[in-house]
Amino acid sequence: MEYSGARDYLGKCVKTVNYSILINGEPTTPFDVAKGLRQGDPISPFLFALAMEYLSRKLNELKGNKKFKYHPKCSKQAMTHLSFADDLLLFSRGRSQFIQIVLFGIQAYWSQLFAIPSKVLSTIEAYCRSYLWSGTITITWKDLIAWNKVCIPKSIGGLGLLNIRLWNKVAIAKASWDIEDKADRLWIRWLHAYYTKNQQFSQMLIPQQAGWMVRKIFEARDTMALIQDTKSGSLIKQIYLKLIGDNERITWKILRFRNDARPKAQFTVWLQMHGKLLTIDILAPWEINVDPICNLCNSHDETRNHLFMECPFSNKVWEGVLKWM
């Protein structure tokens, strides 16, 4: 079959679906739709394969991205993922990387479609926080550093994870900007027809008869003031960075950028610089019965500074590293 013929055939399979609506228990006359497939349609696996082919190519492009770290058991084969009949397995190394790329990527997409309730955001944060600190999907409270500090840029001491609460707020503000700008979208035309009714969107009162999501969009009008340049890149990213604010840059940022060390090693250094590494002096207030003496030199109490800088064993390690460099 020629390419054009196959394309037309697939198009007909997608566009010949029709639906019927039950009104008072009686079906209406069937009507056609522009896209979609019947449930269980035999062509579904083939369309899935087409979509997975494109996604596989995009995932393979990660091999050339220095920020991407392979799963420890997949680096020799340069394997980023495996595709099955209706599943996809993504292989990467580092919990924070998985949270940022996969979990937050999904949330960031949906937040641009509708406002996500605070309770849902709290649940997402709880699962992501627990996975970062314990490696499991069981919700725990074993975090060593507050989540709001984790979700700030690396340049000011965080892990650079997405703050989903701020991102959700920004996405709603972007929807407000679209209304003010009268973007040519169906839902905006509908809102103007039923709520704004030729009023100035930025100045009118919030319609009390509106639904929760519409009211949230009206409440986000104040955030629109953070938009300064509508032509320079993503509006959402522009507002997001404004909400984070201009914080003092960390003096040890050289340890966070252009660092080719293993993600686990980078994470350990990050905890160390925040004074949250679980050395014995940190564990002692938790009433954990442990020997305070350093296991490397057996002569001093184990503290953060002693373990990394003052211990004779550590000094020899640093001397070897400096000679190697």
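Residues numbered from 1 in each chain as written. Predicted model: local features only at pLDDT ≥ 70, side-chain atom pairs only at ≥ 80, totals over all residues. Heavy atoms only, no water.

**Examining the overall build of the chain**
Next up, step 1: Of the regular secondary structure elements, the chain holds 13 helices and six strands.
Next up, step 2: For the chain, the residues scored as buried account for 31% of the 325 residues in total.
Next up, step 3: Partitioning the intrachain contacts of the chain with sequence separation of at least 6 by distance along the chain shows that 44% fall at a separation of at least 24.
Next up, step 4: When the accessible surface of the chain is totalled, it reaches about 22,200 Å², and 57% of it is carbon and sulfur. (Helix = DSSP H or I, 4+ residues; strand = E, 2+ residues; numbered from the N terminus. Buried < 20%, exposed > 50% of the residue type's maximum accessible area, 1.4 Å probe, protein only. Contact = heavy atoms within 4.5 Å. Areas by Shrake-Rupley, 256 points an atom, 1.4 Å probe, with all protein chains shown as cover.)

**Here's the deal with the environment of Asp260**
Next up, step 1: Tracing the backbone shows Asp260 in the loop between helix 9 (235-244) and helix 10 (263-273).
Next up, step 2: It is 8.2 Å that separates the C-alpha atoms of Asp260 and Lys66, two residues lying 194 residues apart in sequence.
Next up, step 3: Residues contacting Asp260, with those up to four places away along its chain left out, are Lys69 and Gln266.

**Overview of the nonpolar core**
Nonpolar side chains in soluble globular proteins generally cluster together in the buried interior.
Next up, step 1: Phe104, Trp147, Val150, Leu161 and Trp270 are the most contacted members of the largest nonpolar core, which totals 47 residues.
Next up, step 2: Listed by contribution, the elements that provide at least two residues to this core are helix 3 (95-111), helix 4 (118-134), helix 5 (147-150), helix 6 (164-180), helix 7 (186-196), helix 8 (212-219), helix 9 and helix 10.
Next up, step 3: For this core, the element with the highest residue contribution is helix 6, accounting for nine residues.
Next up, step 4: The contact partners of Trp270, leaving out residues within four places of it in the chain, are Trp133, Ile145, Val150, Gly157, Gly158, Leu159, Trp252 and Arg256. (Core = buried A, V, L, I, M, F, W, Y, C linked by side-chain atoms within 4.5 Å.)

**Points about the side chain of Arg129**
Next up, step 1: Turning to its location among the elements, Arg129 is positioned in helix 4.
Next up, step 2: Lacking a salt bridge, the buried Arg129 has Asp143 as its closest oppositely charged neighbour, with an N-O distance of 4.3 Å.
Next up, step 3: Contact partners of Arg129, with chain neighbours within four places excluded, come to Thr140, Trp141, Asp143 and Trp147. (Lys, Arg positive; Asp, Glu negative; His and termini not counted. Salt bridge = Lys/Arg side-chain N within 4 Å of Asp/Glu carboxyl O.)

**Looking at the packing of aromatic side chains**
Next up, step 1: By the definition in use, this model includes seven aromatic pairs.
Next up, step 2: One aromatic cluster in this structure is built from Trp133, Phe267 and Trp270.
Next up, step 3: We note Arg221 situated over the ring of Phe201; from NZ or CZ to the ring centre the distance is 5.6 Å. (Phe/Tyr/Trp six-rings, centres within 6.5 Å; stacked < 30°, edge-to-face > 60°. Lys NZ or Arg CZ within 6 Å of the ring centre and 35° of its normal.)

**Some thoughts on the packing of helix 7 against helix 8**
Next up, step 1: Packing of helix 7 against helix 8 brings their axes to within 13 Å, and their N-to-C directions diverge by 90°. Of the possible angle classes, the one that applies to helix 7 and helix 8 is roughly perpendicular. Contacts between helix 7 and helix 8 involve Trp187, Leu191, Tyr195 and Thr196 on the former and, on the latter, Val214, Ile217 and Phe218.
Next up, step 2: The class makeup of the residues in the contact of helix 7 with helix 8 is six nonpolar, one polar and no charged. (Axes fitted to C-alpha atoms, helices over the stretch in contact; angles between N-to-C directions. Parallel < 35°, antiparallel > 145°, perpendicular 65-115°, else oblique. Nonpolar A, V, L, I, M, F, W, Y, C, P; charged D, E, K, R; others polar.)

**Regarding the layout of surface pockets**
Next up, step 1: Taken as a whole, the largest pocket spans an internal volume of roughly 1,300 Å³.
Next up, step 2: Taken together, 35 residues form the lining of the largest pocket, with Ser96, Gln97, Lys154, Pro263 and Gln266 sitting closest to its centre.
Next up, step 3: Those elements giving two or more residues to the lining of the largest pocket turn out to be helix 3, helix 4 and helix 10.
Next up, step 4: In terms of residue count, helix 10 provides more of the lining of the largest pocket than any other element does, six residues in total. (1 Å grid on protein atoms, 1.4 Å probe; cavity = no way out; pocket = protein on both sides within 12 Å on 5 of 7 lines; lining within 4 Å. Points joined across faces, edges and corners; volume = space filled by probe spheres on them.)

**Points about unusual backbone geometry**
Next up, step 1: With phi around 70°, Asn198 is a residue other than glycine that occupies positive phi space.
Next up, step 2: Turning to its location among the elements, Asn198 is positioned in the loop between helix 7 and helix 8.
Next up, step 3: Take Asn198: its relative accessible area is 82%, and that puts it in the exposed class.
Next up, step 4: Non-glycine residue Asn298 carries a positive phi angle of around 55°.
Next up, step 5: Tracing the backbone through its elements, the reader meets Asn298 in the loop between helix 11 (280-283) and helix 12 (304-310).

**A look at the confidence of the model for the chain**
Next up, step 1: In the predicted model, the chain carries a mean pLDDT of 79, and 81% of its residues have values of at least 70.
Next up, step 2: Highest mean pLDDT in the chain belongs to helix 5 (90); lowest belongs to helix 1 (residues 3-15) (61). (pLDDT = per-residue confidence, 0-100.)

**Let's talk about a nonpolar patch on the surface**
Next up, step 1: Together, Ile106, Tyr109, Trp110, Leu113, Phe114, Trp212 and Met213 make up a nonpolar patch on the protein surface, roughly 700 Å² of accessible area in all.
Next up, step 2: Every element with two or more residues in the nonpolar patch is listed here: helix 3 and helix 8.
Next up, step 3: Broken down by element, the nonpolar patch gets its largest block of residues, three residues, from helix 3.
Next up, step 4: Inspection of the secondary structure puts Tyr109 in helix 3. (Patch = residues over 30% accessible without salt bridge, like charges linked within 9 Å, V, L, I, M, F, W, Y side chains within 5 Å.)

**As for the state of the cysteines**
Next up, step 1: Inspection of the entire model under this criterion finds zero disulfides.
Next up, step 2: The closest cysteine sulfur to the non-disulfide-bonded Cys128 is located on Cys151, 8.3 Å from its own sulfur.
Next up, step 3: Taking the relative accessible area as the measure of exposure, Cys128 reaches 3% and is therefore buried.
Next up, step 4: In this structure Cys294 is a free cysteine whose sulfur lies 3.9 Å from that of Cys297, the closest cysteine sulfur available.
Next up, step 5: What makes Cys294 buried here is its relative accessible area of 0%. (Disulfide = S-S within 2.5 Å.)

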